[in-house]
Every structure is written in structure tokens, then in C-alpha cells.
Amino acid sequence: MAGIVVKPRARILHGHDWVFSSEVLKVFGNPADGDVISLKDGRDRLIGSAIYNSKSQIVARRFSRQRQDLDLDFFKRRIAQASEYRDRRNIDPKLRRVVWSESDGLPGVILDRYGDYFVLQTLTLAMDLRKDLIVKAIVDLFGGATIIERNDSPIRKAEGLELQIGVLEGGSPSGPLEIEIDGLKFDVDLLHAQKTGFYLDQAPNYSVVANYATGRRVLDCFANQGAFALACVRAGAMDAAAVEESSENIAAGKQNGERNGLKLRWIEQDVFAFLRGAEKAKAEYDLIILDPPSFTKTKSGLRDALRGYRELHLRAFKLLSKTGLLATFSCSHHVSEAAFAQTIADALVDARRSARKLRRFEQALDHPVVPTIPETEYFKGVLLEMMPGR
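Positions within a chain are numbered from 1, following the residues in the order the chain's sequence is written. Totals for whole chains, interfaces and linings use every residue, but because this is a predicted model, local features are given only for residues with pLDDT of at least 70 and side-chain atom pairs only at 80 or more, for both listing and counting. Heavy atoms throughout the structure, all of them, feed into the side-chain values; hydrogens and water do not.

Asker: Honestly, the overall build of the protein chain in this entry has me stumped. Any pointers?
Answerer: Where helices and strands are cited, they refer to DSSP runs of H or I of at least four residues and of E of at least two residues respectively, numbered from the N terminus. Across its full length, the protein chain holds 9 helices and 20 strands. A principal-axis box enclosing the C-alpha atoms of the protein chain has dimensions of 70 × 45 × 35 Å. Exposure classes here rest on a 1.4 Å probe applied to the protein chains alone. A residue is buried below 20% of its type maximum, exposed above 50%, and partly exposed in between. Out of the 390 residues belonging to the protein chain, those deemed buried represent 55%. Working definition of accessibility: Shrake-Rupley area with a 1.4 Å probe, residue cover restricted to the visible protein chains. As displayed, the protein chain offers around 17800 Å² of accessible surface, 48% of which is attributable to carbon and sulfur atoms. Where the 56 positive side-chain charges of the protein chain centre and where its 52 negative ones centre are 6 Å apart. His is not counted, nor are the chain ends, whereas Lys and Arg count as positive and Asp and Glu as negative. Throughout, a charge is located at the NZ atom of Lys, the CZ atom of Arg, the CG atom of Asp or the CD atom of Glu.

Have a look at this one:
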């Protein structure tokens, strides 16, 4: 088997599963992009099997510490193991992330389940080339199902892959699919909505935040389809407003409100512009939710991202009542938890406010984190309560 020899200090020798181009000591056997290769250390010892792509900055991604090929049996075994892990966590079998890439030993493969529909992403070249095998494994494991391809993530470009959306197995959905989270019903467009249709990584947090909403004036920023705001209204919020820039998301959010018999105010505007205007109008809220999209997909964009987070929090702190609450989240992997916390602290100083941290948020259990692979953890959040002036 062709392969590569890694340099002595390569991170893969310390528990990670990636080999960057700068960590390659030697390539042997002339592997083709998308091939399965062997990984060896400087003493010619096998350290695993990996997928290879010379065009990517991450030239190799290990998927096994042994010699292993990517055949149907392998995919069935790994997907079954991933599903069983989530069964043990008591996650809804019909509404879950079934496979989360490296966290489940399938680098570049994301598989979400919505009822009888599966949404698949193959974000690495080797997995994309074996898409048919993955589809067959899903059908063999779960029976007849519709499998939708949502390969429209820009991440694919780093692997030299085209962006694609379509149906790989079964019939195309005739319209939005209804899902239910903690008693709230949502319409999900699996072919066109963001990500794979819904933000499953946030699913457990809607009710947690809503528990603090009773009798409060709520502002849901970057509301998407209004999941946080609707959960807060149902929990007894005095008033709820949802700010969202996308008219399509607002239309879907209004439909979700009607479906659940819940009313809230929708504001179609850029969140930063809205917050500046609200400050000028001396508006006040008792609970603000900040759940923005990722502010940066690259390390080079970190400084601008932190600047954006700092302004966002500054504006929110100025709008919160004396003992108001802020639930704030970041899904930017390159923004570490420490950097996020420091940005919040800096914004508190700028706003001349003080706060206590009530709790922290993590990505849902069906998005497991591998400690030796920091990239598997991207989601962080905190709930803060403002303190009276001192």
C-alpha cells in the first residue's frame, strides 16, 4: 500500500488524526488523490490507514490505527457504531446527527436523520468517491429511506470538490418536513434550508433558555426560523421579538408560529443595525439571545471575528435591564472558548456592566467531541445575568 512517512513532531503522533502537508517527511508508492494510504513513522512502524488528498492542506486523515480498506463492511460497521453511541445517550432515533465526521471515525462524513429522511454530506474527496458505498450502507442498516445530498458546503472546495445538492436514494420530498423538538413543531426544507435542514446542535438548548423567559421581554437575534423565540413565548415570555435578515427564514418562522399557535414580532433587519437603532431608541430587554452564524471559517479571519463578537456583545449589554439575561453562542471553531470568554469580558468593560455566569452551553451529545481532535469541538455558549451597578 502506498503511503506517507510523517515527521517526528507531527501531531498525529500525539493523538490527532490529521497530517498536514508541512508534516510529511516522505511520500512513497505514488498514491492518487482519494486513495487509502498507510501512515508510518520515521522507524517504518504503521500508525494507521488514512485517506489521501495532495491538493488539500490536510493531506491525510486517519480513519483507523490498523490496516483497513474503505469497503461496504467498514462503512456499515462505523455507521452502526455511531448510531449505537447515540442510542446509549437516549437521543431521539428519528431526529439526530447519526455521524459526525472524525468524531465517529468517518472523516468528512456528516449524516443527519429527520424521520425517514437522511441528509448526507461527504466533505472529503475519498469519501465523496465512495458515496455509493455509504448510501448502500445506510440503506442496509436502516431500511428503505430517502437520502438527500447536501454537498453545498464551501469546505468541499478545499478538497477540490464541486458543490452539489440532490437526492441520492428514494423520492424527492414534496415539500417541507415537519419535525418536533420538546413539543414545538417546525417545518424543515431539507433541500434548501441552512446546513442539513436544521440546527440540531442547538436542539437541547431551546428549552433550557426558555426556562428563564417567563414574564420577560425577549429579543432573539439571528433568529433563523425563530426556535428560541417560539420556545420563550410558549414558556410565558411577556413579549418576544425575533430579528432576522433573511426574508425566507422569516416566512418560515411565521409559519412555525402559526403551526404552534404562538405569536411573536418579526423584524427583518441586519442585527448590528437593529441593535444600534434599539440603543438610540433606549429600548430595554430582559432576555437577549445571540446565536449568530460562524463569523469566520478560517484562522486568518479570527481578528475580524473577535471584533464582530465584541461589538455584538457591547450592543446587547447596553440593552439589557438591571438583572437581564444574555444567552450567547458561537459556532466558530477558530474562536476558542477562552477567546470567546475574553471578548465577552472586554465588552462588559466597554459597556460598564457587570455580570455573573449562570451556566455554559455545549454542542448536543450527537455532535461528540474527541479531546485529541480539537476541530471536533466548535460550539460554545454561556448564559449571563447582569448585576446591579456597583
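Asker: What is the right way to look at the sheet that holds strand 9 (residues 117-122) in this model?
Answerer: In a beta sheet, neighbouring strands are held together by backbone hydrogen bonds and run either parallel or antiparallel to one another. A pair of strands is labelled paired if DSSP reports no fewer than 2 bridges between them. In space, the 5 strands of this open sheet follow the order 7-8-9-10-11, with mixed pairing throughout. Edge positions in the sheet fall to strand 7 (95-100) and strand 11 (164-169), since each has one partner strand and no second. Shown here is a sheet whose adjacent strand axes are inclined to one another by a mean of 20°, direction ignored. Here strand 7 pairs with strand 8 (residues 109-114) via 5 bridges, running antiparallel. By the bridge assignment for strand 8, Arg97 is matched with Asp112. Set on the sheet, helix 3 (residues 131-142) makes contact with strand 7, strand 8, strand 9, strand 10 (146-151) and strand 11; between it and strand 9 the angle comes to about 155°. In this analysis an axis means a line fitted to C-alpha atoms, helices contributing only their contacting stretch, and an angle means the value between N-to-C directions, from 0 to 180 degrees. We call two residues in contact whenever any of their non-hydrogen atoms come within 4.5 Å of each other.

Asker: Looking at this model, I keep getting lost on unusual backbone geometry. Mind explaining?
Answerer: Both trends apply: most residues other than glycine have a negative phi, and most peptide bonds are in trans. If you check the backbone angles, Ser101 has positive phi at about 50° while not being a glycine. Among the structural elements, Ser101 can be located in the loop between strand 7 and strand 8. A relative accessible area of 10% means that Ser101 is categorised as buried. Backbone geometry places Arg352, a non-glycine residue, at a positive phi of 60°.

Asker: Just to check I follow, could you spell out the sheet that holds strand 16 (residues 265-268) for this structure?
Answerer: Pairing is mixed in the open sheet, where 7 strands are placed in the order 16-15-14-17-18-20-19. Where the open sheet ends on each side, the last strands, each with one partner, are strand 16 and strand 19 (354-362). On average, each strand axis in the sheet is inclined to that of its neighbour by 15°, with strand direction left out of account. Pairing analysis gives 6 bridges linking strand 18 (residues 320-330) to strand 20 (residues 380-387), with the strands arranged antiparallel. Within strand 20, the position partnered with Phe329 by the bridge is Gly381. The strands touched by helix 6 (residues 247-260) within the sheet are strand 15 (239-244) and strand 16, with strand 16 carrying the most contacts at an inclination of about 170°. In the packing of helix 9 (residues 337-351) onto the sheet, the strands contacted are strand 18, strand 19 and strand 20, and the crossing angle to strand 20 comes to about 25°.

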